[in-house]
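# Understanding the architecture of this molecule
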Amino acid sequence: LGMNYPSGLDGDPNPYQKISINPFNVLGGSFNMSPIELSQFAIKLAKRGTSFGKISLSDKRFDILYKSLHEVVINGTASNRNLIKYKVSGKTGTVDESMGSAKRAGWFIGFMPTIAPKYAICTLKENSSGHTAALISGKQIDFYFRNLNK
């Protein structure tokens, strides 16, 4: 999902343009990743760290991480019926649209189903929140699966 086809939405971001991600808003740290790299990271999480480089975590820690990412969809900032319906796990966030920019964009990365994932998604939405990006992801996933065998 999202890796091979544009979303069809106006203003699709450049998938290779780096964005500044601040996962620890309180601490003030940040790093730069492109939407393609975010997608690859979602795939890496879905495959328990075996794609696009290695993430070294024990199975127990991956299970805790998966549970936490699923909670984001069930009770957190990504909560919406389509993500719940397709058993998506993921993470929302907000990024600076460019280095030092006051403009923000919301993002969501995720994978599905939570147990034995087969799909990953990354959605970035300008002038928005991570929650809005998660809602868009839910609509994209629902559209994909409703039209899969047509």
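Residue numbering note: each chain is counted from 1, following its sequence as written. Restriction of local features to residues with pLDDT of at least 70 applies here, the model being predicted, together with a cutoff of 80 or more for giving and counting side-chain atom pairs; totals for whole chains, interfaces and linings are based on all residues. Water and hydrogen atoms were dropped before computing side-chain values, which therefore reflect all heavy atoms in the structure.

In this section: the overall build of the chain. A tally of regular secondary structure across the chain gives four helices and five strands. Secondary structure elements follow DSSP: runs of H or I no shorter than four residues count as helices, runs of E no shorter than two count as strands, and numbering proceeds from the N terminus. Listing the helices and strands of the chain from first to last along the sequence gives β-β-α-α-α-β-β-β-α. The rule is simple: take the accessible area with a 1.4 Å probe, protein chains only, and divide by the maximum for that residue type; under 20% is buried, over 50% is exposed, in between is partly exposed. The burial tally for the chain puts 40% of its 150 residues in the buried class. In what follows, a contact means two residues having at least one pair of non-hydrogen atoms within 4.5 Å. When contacts within the chain are restricted to residue pairs at least 6 apart in sequence, those whose partners lie at least 24 apart make up 39%.

Moving on, we come to the environment of threonine 77. Tracing the backbone shows threonine 77 in the loop between helix H2 (59–75) and helix H3 (81–85). With a relative accessible area of 46%, threonine 77 lands in the partly exposed category. Each C-alpha atom, one on threonine 77 and one on glycine 93, is 8.8 Å from the other, the two residues being 16 residues apart in sequence. Among all residues touching threonine 77, those that are not within four sequence positions of it are Val72, Thr92 and His131.

Further remarks concern the pattern of salt bridges. Side chains that carry opposite charge are capable of pairing whenever their charged atoms lie near each other. For salt bridges, the criterion is a side-chain nitrogen of Lys or Arg within 4 Å of an Asp or Glu carboxyl oxygen. Going through the model one piece at a time under the given rule, you end up with four salt bridges. The salt bridge partner of aspartate 59 is arginine 48, with a shortest N-O separation of 3.6 Å. Here aspartate 59 is found in helix H2, whereas its partner arginine 48 is found in the loop between helix H1 (35–46) and H2, with eleven residues between them in sequence. Residue classification places aspartate 59 among the exposed positions, given a relative accessible area of 56%. One salt bridge connects lysine 85 with aspartate 142, and the closest N-O pair in it is separated by 3.4 Å. Taken together, the residues lysine 85 in helix H3 and aspartate 142 in helix H4 (residues 130–146) connect sequence positions 57 residues apart. Salt bridges here are not isolated pairs; linked through shared partners, they connect Arg48, Asp59 and Asp63.

On to the environment of serine 137, then. The topology assignment puts serine 137 in helix H4. In this structure serine 137 comes out as buried when scored by relative accessible area, which is 0%. Taking the C-alpha atoms as reference points, serine 137 and threonine 123, separated by 14 residues in sequence, lie 6.1 Å from one another. Once you skip the residues sitting within four places of it in the chain, serine 137 turns out to touch Leu83, Phe108, Ile121 and Thr123.

So, on to the confidence of the model for the chain. In this model, the chain carries a mean pLDDT of 78, and residues with pLDDT of at least 70 account for 73%. Within the chain, no element has a lower average pLDDT than strand E1 (residues 19–24), which sits at 49, and none a higher one than H4, at 93. Every residue in residues 1–11 is under pLDDT 50, and counting partners more than four places away or in other chains gives twelve contacts. pLDDT measures how confident the predictor is about each residue, on a scale from 0 to 100. A low-confidence stretch, residues 22–27 stays under pLDDT 50, and its non-local contacts, those more than four residues away or across chains, total eight contacts.

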